[in-house]
Amino acid sequence: MAELTARRAEAEKLSAYLKPVAKAIEEASLTPGEETKLEDEARRLENASEIREVASAFSTLIEDEEAGILLRLGQASRALQQLQKFDPTLAKVQEAFDAGFYSIESVAREVSEYAANVDLDPARLGDVRSRRDLLFRLTKKYGPTVSDVIAAGKSARRELDLLDTAGLDLRSLQSSMDKASAELDRAAAALTQKRLDAARRFAAAVDAILPELGMEDGHLQVALVPQQAIGPRGGEDVEFRVALNLGHDMRPLARVASGGELSRVMLAIKTILARLDHVPTLVFDEVDAGIGGKVGLQVGDMLRGVAASHQVFAITHLPQIAAKAHRHIQVAKGARAGVTTADVVTLRDEQRVHEIARMLGGDAESATSRAHAAELLAGADAAAPKPGKGKRSTGRPAESRSEPRADPA
């Protein structure tokens, strides 16, 4: 539409120039190569008298009854026939001679007819000269050849025709655009309705989990923020908003949550969307901030549930969470040659019991602490919460990991 409108506007500006161009060329009724034909005809008409004189002289040389070439050739033919009486092998020579004789005779006849048809026609000469002048003017303006002039005339006519047809074409395009816009509006409205329904169900599912993660008064809201225009993602942006404490207003998740709160809210979200989310690896940092005891166990169970379809790393100081991991990786500060280092060790069996006992805050060698640690590790095999309902992951479940950072001591 923009291109057609621009071309139409340009044609309107140039119409005063284009109209006489198209008219002059169309009225000339030009044909390709016409200039060559006119040149040949003009040359004949301008030299008609001389042409007739020369043609007549030529005919006389060939056909004169007293001294013409044909008369002499006739005499030569009779002499050749007499020779054949003595030597029949000259028959082939006779055939060649006769062919030449008839060719000359034919040429003479054509030249005679040509001379008879050469007219001294001043009127026709005037018409040809006038036509040549017209072609000269047109080619000087729009040339350099008649074919170029014809092309210029057709181009001018197309631009002028655009003034008549553009309105209809624009109406047709506008109709198509209106239909497309209406379809876009319907598709965006359908998407919005589905989002509203999904947002309500999703927020309710997350709200049901938040108390288990130590946020009894926490609420999630999925806000649909209208955009000025419908884009590839629909007519609105989707924004997660939360109120994690009693009396607080809903605000964007990224602006109100602390690191630990953000991790736990994301854990709730990932628990619901575990089988729909195709992100292979999830990292939860400080997910244990501000929680402990039973809530810690519940967070650990949820992390283990998410690990059924993702690889999960949880950086934690909480033994209840560390005990739920499939693998326990200890990160401890150290020093080597006067340089601070971070040592990473995967703990197994007794090493893990010892580390969990240490994280419990008691004596890592105490029978009570070790028994408690062994009990936590044994409980990790209990059924974890099932991930949120949705499309089952078709990939191989990722490995879940818990990564506690041990105290330097």
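Worth saying up front: this structure is predicted, and the values here are computed from it rather than measured.

S.K.: Please clarify how the pattern of salt bridges should be interpreted in this entry.
M.R.: Opposite charge on two side chains permits them to pair, given that their charged atoms come into close proximity. The full count for this structure, using the stated rule, is 13 salt bridges. Between Glu236 and Arg195 there is a salt bridge, with its nearest N and O atoms 2.8 Å apart. With a gap of 41 residues between them, Glu236 in strand β2 (residues 234-243) and Arg195 in helix α7 (residues 146-209) connect regions that are remote in the sequence. In this structure, Arg358 and Glu355 form a salt bridge, with 2.7 Å as the shortest nitrogen-oxygen distance. Of this pair, Arg358 and Glu355 both sit in helix α12 (residues 350-359), three residues apart, which is roughly one turn of the helix. Each of Asp197, Arg200 and Arg201 takes part in a single network of salt bridges with overlapping partners.

S.K.: What exactly am I supposed to notice about the environment of Lys294 here?
M.R.: As for its placement among the helices and strands, Lys294 is situated in helix α10 (residues 293-306). According to the relative accessible area criterion, Lys294 is exposed, its value standing at 64%. Measuring from C-alpha to C-alpha, the distance between Lys294 and Gly214 comes to 9.3 Å, with 80 residues separating the pair along the chain.

S.K.: Help me out: how do you make sense of helix α2 (residues 34-46) in this one?
M.R.: A turn of α-helix holds 3.6 residues, and therefore any two residues three or four places apart point the same way. Compared with an ideal rise of 1.5 Å per residue, which puts 13 residues at 18 Å, α2 spans 18 Å between its outermost C-alpha atoms and is within 8% of the ideal. For α2, the full list of buried residues reads Glu34, Leu38, Glu41, Ala42 and Leu45. Across the axial projection of α2, the buried residues extend over an arc of 105°, all falling on one side. Check the buried side of α2 and you find it contacts α3 (48-63) and α6 (122-142).

S.K.: Would you explain the packing of α2 against α6 in this entry?
M.R.: At a closest axis distance of 10 Å, the pairing of α2 and α6 adopts a crossing angle of 145°. At the point where α2 passes α6, the crossing takes the left-handed sense. Residue-level inspection shows Glu34, Glu35, Leu38, Glu39, Glu41, Ala42, Leu45 and Glu46 of α2 in contact with α6, the latter providing Arg124, Leu125, Val128, Arg129, Arg131, Arg132 and Leu135. Taken together, the residues of the contact of α2 with α6 sort by class into six nonpolar, no polar and nine charged.

S.K.: I tried to follow the pairing of strand β5 (residues 311-316) on my own but got confused; where do I start?
M.R.: Where a strand is regular, its side chains alternate between the two sheet faces. Of all six residues in β5, six are buried; the element is thus mostly enclosed. Of the two faces of β5, the one lined by Gln311, Phe313 and Ile315 and the one lined by Val312, Ala314 and Thr316 are each fully buried. The sheet contact formed by strand β4 (residues 281-285) and β5 spans five bridges and is parallel. Bridge pairing links Thr281 to Gln311 in β5. Viewed along the sheet, the connection from β4 through α10 into β5 turns out right-handed.

S.K.: Help me understand the environment of Glu355, please; the structure alone is not making it clear to me.
M.R.: Residue classification places Glu355 among the buried residues on the basis of a relative accessible area of 4%. Linking Glu355 and Val283, residues 72 residues apart in sequence, is a C-alpha distance of 21 Å. One polar contact links Glu355 to Gln330, side chain to side chain, over a distance of 2.8 Å.

S.K.: Please clarify how the confidence of the model for the protein chain should be interpreted in this entry.
M.R.: When pLDDT drops low, the exact placement of atoms in the prediction is not to be read closely. Residues with a pLDDT of 70 or more make up 91% of the protein chain, whose mean pLDDT is 82. Low pLDDT, under 50, characterises residues 388-409; the stretch is placed with 73 contacts to residues that sit more than four places away or in other chains.

S.K.: Hey, could you run me through the packing of aromatic side chains in this one?
M.R.: What characterises a pair of aromatic rings is the spacing of the ring centres plus the angle enclosed by the ring planes. Across all of its chains, the model carries two aromatic pairs by this definition. Here the aromatic rings of Phe101 and Tyr102 are separated by 5.8 Å at their centres, their planes lie at 75°, and the arrangement is edge-to-face. Judged by its relative accessible area of 52%, Tyr102 falls in the exposed class.

S.K.: What is the right way to look at the sheet that holds strand β1 (residues 219-231) in this model?
M.R.: Across a sheet, strands are paired by hydrogen bonds formed along the backbone, either parallel or antiparallel in direction. Pairing is antiparallel in the open sheet, where three strands are placed in the order β1-β2-β3. The open sheet has two edge strands, β1 and β3 (251-252), and neither has a second partner. Note: β1 against β2, nine bridges, orientation antiparallel. From the neighbouring strand, Ala223 faces β2, where its bridge partner is Glu239.

S.K.: What's the story with the packing of helix α9 (residues 259-273) against α10 in this structure? I'm lost.
M.R.: Packed helices, taken two at a time, are described by their axes: the angle between them and the distance between them. The N-to-C vectors of α9 and α10 enclose an angle of 40°; their axes lie 9 Å apart at closest approach. If you check the angle between α9 and α10, you find them oblique. Like other packed secondary-structure pairs, α9 and α10 cross with a definite hand, here left-handed. Note on element contacts: α10 touches α9 through Val299, Met302, Leu303 and Val306, opposite Leu267, Lys270 and Thr271. For the contact of α9 with α10, a count of residues per class yields five nonpolar, one polar and one charged.

S.K.: Help me understand a nonpolar patch on the surface, please; the structure alone is not making it clear to me.
M.R.: The grouping of Met1, Leu173 and Met177 at the surface amounts to a nonpolar patch, some 240 Å² of accessible area in total. In this structure, Met1 sits in the segment before α1 (2-28).

S.K.: Sorry, what's going on with the pairing of strand β7 (residues 339-347) here?
M.R.: One ladder, built from nine bridges, connects strand β6 (residues 328-336) with β7; its direction is antiparallel. Residue His328 lies in a different strand from β7, and its bridge partner there is Leu347. Here β6 folds back onto β7, and the loop between the two strands holds two residues, one of which, Ala337, carries a positive phi near 55°.

S.K.: I tried to follow the environment of Lys179 on my own but got confused; where do I start?
M.R.: Along the chain, Lys179 turns up in helix α7. Of the residues examined, Lys179 reaches a relative accessible area of 59% and is grouped as exposed. With 145 residues separating them along the chain, Lys179 and Lys324 place their C-alpha atoms 57 Å apart.

Rules of the game
- Residues numbered from 1 in each chain as written.
- Predicted model: local features only at pLDDT ≥ 70, side-chain atom pairs only at ≥ 80, totals over all residues.
- Heavy atoms only, no water.
- Salt bridge = Lys/Arg side-chain N within 4 Å of Asp/Glu carboxyl O.
- Helix = DSSP H or I, 4+ residues; strand = E, 2+ residues; numbered from the N terminus.
- Buried < 20%, exposed > 50% of the residue type's maximum accessible area, 1.4 Å probe, protein only.
- Expected span 1.5 Å × (residues − 1).
- Arc of directions from axis to C-beta.
- Contact = heavy atoms within 4.5 Å.
- Axes fitted to C-alpha atoms, helices over the stretch in contact; angles between N-to-C directions.
- Left-handed = near helix turned anticlockwise from the far one by under 90°.
- Nonpolar A, V, L, I, M, F, W, Y, C, P; charged D, E, K, R; others polar.
- Pairing = 2+ DSSP bridges.
- Right-handed = clockwise from strand over helix to strand, strands pointing away.
- Polar contact = N/O pair within 3.5 Å; in protein donor to acceptor, adjacent residues only side chain to side chain.
- pLDDT = per-residue confidence, 0-100.
- Phe/Tyr/Trp six-rings, centres within 6.5 Å; stacked < 30°, edge-to-face > 60°.
- Parallel < 35°, antiparallel > 145°, perpendicular 65-115°, else oblique.
- Patch = residues over 30% accessible without salt bridge, like charges linked within 9 Å, V, L, I, M, F, W, Y side chains within 5 Å.
- Areas by Shrake-Rupley, 256 points an atom, 1.4 Å probe, with all protein chains shown as cover.

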